[in-house]
Amino acid sequence: MAAALRTLQRLRAAAGWRAAWGRQVIRSGSEFTSLEEKPQFPGASAVFVDSLEFIQPNVISGIPIYRVMDRQGQIINPSEDPNIPKEQVLKFYHTMTLLNTMDRILYESQRQGRISFYMTNYGEEGTHVGSAAALNDTDLVFGQYREAGVLMYRGYPLDLFMAQCYGNASDPSKGRQMPVHYGCKDLNFVTISSPLATQIPQAVGAAYAMKRENADRAVICYFGEGAASEGDAHAAFNFSATLECPVLFFCRNNGYAISTPTSEQYRGDGIGECDLRV
């Protein structure tokens, strides 16, 4: 009881209850010197300490950002140069420019009232093409709203993109889906769902099924930094880790979840960064 009271007094002294609320507790200590000193809680990997401190999220360094080229397009470390063949680089460029052109036409069509809904891929073209090029054609893709470039890179024709957005007779989904909710079984692209983050646990389930089948396949799941705040995302991350599923979570962070800055969603940097340039 005396020890608990002392701890309570120290908590109150540590800038008040509100300042302490939501922070992680850390300590200074040393590694175990024997098995007897190691915590016996199931799955424990922490150390015992006798000094109570609080993490300040704005002090700890963020996750490092990996990049290959600088802002001028120069390779920083020659050993990291992927040496992509010229033909493939041209395919990258063609896909990105074609996607940009399709976006402009369909965005203007939506503004003219010809289609009901459209979301562009502006500024994210490189993330689509770069990630799609690293996958095998048999790998399964779970997209959100802005991954049309992945489907385009795999060979989805323009007339089917248009048919889906217009919901006409050529639309594979027969007009049952909202525009930009693409899907193609032949190209292993799962039809997009409207609810935010619903595809994340679905992707983990699909990856677990592949693992059980011993299939030489993987799953990639795209979502935004806003979707990472959804409960579906946390459940999916946990199941993926505990079941060791062959799934890649691709979070594209544009800084805002429609209207909420990343700084208001997370304590800390929140999202692992990757600087993608083509």
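What this report covers is the structure whose coordinates are included nearby. Bear in mind the structure is a predicted one, so any value in this text is a computation, not a measurement.

Taken as a whole, this structure holds two salt bridges when the rule is applied. The salt bridge partner of Glu124 is Arg252, with a shortest N-O separation of 3.6 Å. One end of the pair, Glu124, is in the loop between α3 (86–111) and α4 (125–134); the other, Arg252, is in strand β6 (residues 247–252), and 128 residues separate them in sequence. Exposure class is identical for Glu124 and Arg252. Each is buried.

With that settled, the discussion passes to the packing of aromatic side chains. Under the counting rule described, the total for this entry stands at seven aromatic pairs. Between Phe161 and Tyr182, the aromatic rings sit 4.9 Å apart at their centres with planes inclined by 85°, giving edge-to-face as the arrangement. Taken together, the residues span a long stretch of sequence, with Phe161 in helix α6 (residues 158–166) and Tyr182 in the loop between α6 and β4 (189–190) at a distance of 21 residues. Given a relative accessible area of 2%, Tyr182 falls into the buried group. Each ring, one from Phe237 and one from Phe249, has its centre 4.9 Å from the other, and the planes form 75°; the classification is edge-to-face. Within this pair, whereas Phe237 is found in helix α8 (residues 231–243), its partner Phe249 is found in strand β6, the two being separated by 12 residues in sequence. Taking relative accessible area as the criterion, Phe237 reaches 30% and is therefore assigned partly exposed. For Phe249, a relative accessible area of 25% gives the class partly exposed. Counting every residue linked through ring pairs, the aromatic cluster contains Tyr156, Phe161 and Tyr182.

This paragraph deals with the packing of helix α7 (residues 199–212) against α8. In contact at an axis separation of 8 Å, α7 and α8 are set at 15° when each is read in the N-to-C sense. Between α7 and α8, the angle is such that the two are roughly parallel. Handedness of the crossing formed by α7 with α8: left-handed. Where α7 abuts α8, its residues Ile200, Pro201, Val204, Tyr208 and Lys211 lie against Asp232, Ala233, Ala236, Phe237, Phe239, Ser240 and Leu243. Classifying every residue of the contact of α7 with α8 gives nine nonpolar, one polar and two charged.

Pairing geometry for strand β5 (residues 219–224) and β6, over six bridges, is parallel. Bridge pairing in β6 links Tyr222 to Phe250. A crossover connection joins β5 to the parallel β6 through α8; in handedness this β-α-β unit is right-handed.

What follows concerns α4. Most of α4 is tucked away: seven of the 10 residues are buried. Every buried residue belonging to α4 is among Glu125, Gly126, Thr127, His128, Val129, Ser131 and Ala132, and all of these are buried. Buried-residue contacts for α4 involve α3, α5 (148–153), β5 and β6.

Turning next to unusual backbone geometry. The phi torsion at Asn188 lies on the positive side, around 55°, for a residue other than glycine. Within the fold, Asn188 resides in the loop between α6 and β4. Positive phi, normally seen in glycine, also occurs at Glu244, with a value near 55°. Within the fold, Glu244 resides in the loop between α8 and β6. Residue Glu244 is classed as exposed on the basis of its relative accessible area of 62%.

Cut-offs used in this document
Residues numbered from 1 in each chain as written. Predicted model: local features only at pLDDT ≥ 70, side-chain atom pairs only at ≥ 80, totals over all residues. Heavy atoms only, no water. Salt bridge = Lys/Arg side-chain N within 4 Å of Asp/Glu carboxyl O. Helix = DSSP H or I, 4+ residues; strand = E, 2+ residues; numbered from the N terminus. Buried < 20%, exposed > 50% of the residue type's maximum accessible area, 1.4 Å probe, protein only. Phe/Tyr/Trp six-rings, centres within 6.5 Å; stacked < 30°, edge-to-face > 60°. Axes fitted to C-alpha atoms, helices over the stretch in contact; angles between N-to-C directions. Parallel < 35°, antiparallel > 145°, perpendicular 65-115°, else oblique. Left-handed = near helix turned anticlockwise from the far one by under 90°. Contact = heavy atoms within 4.5 Å. Nonpolar A, V, L, I, M, F, W, Y, C, P; charged D, E, K, R; others polar. Pairing = 2+ DSSP bridges. Right-handed = clockwise from strand over helix to strand, strands pointing away.

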